[in-house]
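# Observations on the three-dimensional arrangement
Read off the chains here:
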Amino acid sequence: MHNKTVLITGGNAGIGKYTAIGLAKKGAHVSIVSRNIEKGQKAVDEVKLLSRSDQVDMLHADLSSFESVRSLAKQVQEKYPTLDVLINNAGAFFTDYEETGDGFERQWQINHLSGFLLTNLLLENIKKSDQGRIINVSSKGHYKGFLYFKDLNRSKKYIGLAAYAQSKLANVTFANDLARKLKETNVTANSLHPGVVKTAIGDKNNDSWVGLVWKIGKLFMISEEQGARTSIYLASDPKQSSVSGKYFDNCKQKEPNPYAKDERLMDKLWEISAEQTGLEH
Ligand SMILES: NC(=O)c1ccc[n+]([C@@H]2O[C@H](COP(=O)([O-])OP(=O)(O)OC[C@H]3O[C@@H](n4cnc5c(N)ncnc54)[C@H](OP(=O)(O)O)[C@@H]3O)[C@@H](O)[C@H]2O)c1
């Protein structure tokens, strides 16, 4: 990975941080995106220490704001005219309904819309790479997902887990659509399930039964380092250089939810995501 630049959203914690460590160890220049500057700087120091590399830096962005995503894209375009790997890893899980300042349900915007916008804004930079790679960190939960186009916010009858599964199905569908659109280019797009990983993602719901189940479940989950394996593999393995439009689990290709391969759904998701993010403007 020498002379390769990698951008990882949510790189200040959990799977993203260990993905950063793994790729920095392989010689990549790694830029992590963090919404909290102090936390991000601490993570940069830790990634540098554990990877024994000084090729690590941090960019600030809050993925619950499109303005912040646009400002992040501008910084990346200026700093890294060529981007080799983009890992859309940042994600959140919430049991309570809340809207962002842009008017979208939080999981829909943080887990899908912001990655959609960022990827599109950085496409020209990724195309400049000899072999660009886009990786969406989805979840096994996507199998239970359904894209409810009538109300993607799911505001009428909110169930946090269903909204999460929908956003994770969007991650796989979007990667498959990108692969289709980028077929004639040197850029690949894939998605993955990292495993069930001992991270803080379920801790942000302490007042619900989900938070409690997560706390107990952590005793049986794999480590963050293990959870980063598939992301690192897809970002760096030479054998994956021409593999595109696939879903991976434990570093192996797996059939995704058939909805994620439906071209009419891909078209619809793209159209709505472009409209909701204001991509053309
Ligand atoms: N853990 C699992 O078992 C599991 C299973 C399947 C899929 N995944 C997926 O793996 C990915 C990484 O999750 P994780 O388990 O490593 O969780 P995590 O430890 O909570 O890490 C999530 C990362 O996303 C960042 N993030 C959340 N909201 C953000 C926002 N508004 N703006 C910018 N960054 C934001 C977090 O920043 P803060 O530190 O500031 O919160 C953190 O860096 C997610 O996409 C998740 O859906 C995880």
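Residues numbered from 1 in each chain as written. Predicted model: local features only at pLDDT ≥ 70, side-chain atom pairs only at ≥ 80, totals over all residues.

Turning to the packing of helix α5 (residues 160-181) against helix α9 (residues 263-277), a few remarks are in order. Interhelical geometry of α5 versus α9 gives an angle of 100° and a closest axis separation of 9 Å. Accordingly, the angle class assigned to the pair α5 and α9 is roughly perpendicular. Two secondary-structure elements touch here, α5 through A170, T173, F174, N176, D177 and R180 and α9 through L265, M266, L269 and W270. Across the contact of α5 with α9, the residue classes break down as 6 nonpolar, 2 polar and 2 charged. (Axes fitted to C-alpha atoms, helices over the stretch in contact; angles between N-to-C directions. Helix = DSSP H or I, 4+ residues; strand = E, 2+ residues; numbered from the N terminus. Parallel < 35°, antiparallel > 145°, perpendicular 65-115°, else oblique. Contact = placed C-beta atoms within 7 Å. Nonpolar A, V, L, I, M, F, W, Y, C, P; charged D, E, K, R; others polar.)

Glancing now at the site of the ligand. Near the ligand, the surroundings consist of 26 residues, among which G10, G14, G91, S139 and T199 are the closest. Here the shell around the ligand gets 3 residues from one element, more than from any other, and that element is helix α1 (residues 14-25). For the shell around the ligand, the residue count by class is 12 nonpolar, 11 polar and 3 charged. (Near = placed C-beta within 6 Å.)

By size, the foremost hydrophobic cluster in this structure holds 69 residues, and its most contacted members are V6, A20, L23, V30 and I87. Examining the composition of this core, we find that 10 residues originate from one element, α5, more than from any other. (Core = buried A, V, L, I, M, F, W, Y, C linked by C-beta atoms within 7 Å. Buried ≥ 20, exposed ≤ 12 C-beta atoms within 10 Å, placed from the backbone.)

This paragraph deals with the pairing of strand β5 (residues 132-137). Burial analysis of β5 places 6 of its 6 residues in the buried class, which makes it a mostly covered element. Here β5 shows a buried face lined by G132, I134 and N136 and a second buried face lined by R133, I135 and V137. Looking at chain direction, strand β4 (residues 85-88) and β5 are connected through 4 bridges and run parallel. Its bridge partner lying in β5, I87 is registered against I135. Two elements, β5 and strand β6 (residues 187-193), share 6 bridges in a ladder whose sense is parallel. Bridge pairing links R133 to T188 in β6. Note on the crossover from β5 through α5 to β6: the handedness is right-handed. (Pairing = 2+ DSSP bridges. Right-handed = clockwise from strand over helix to strand, strands pointing away.)

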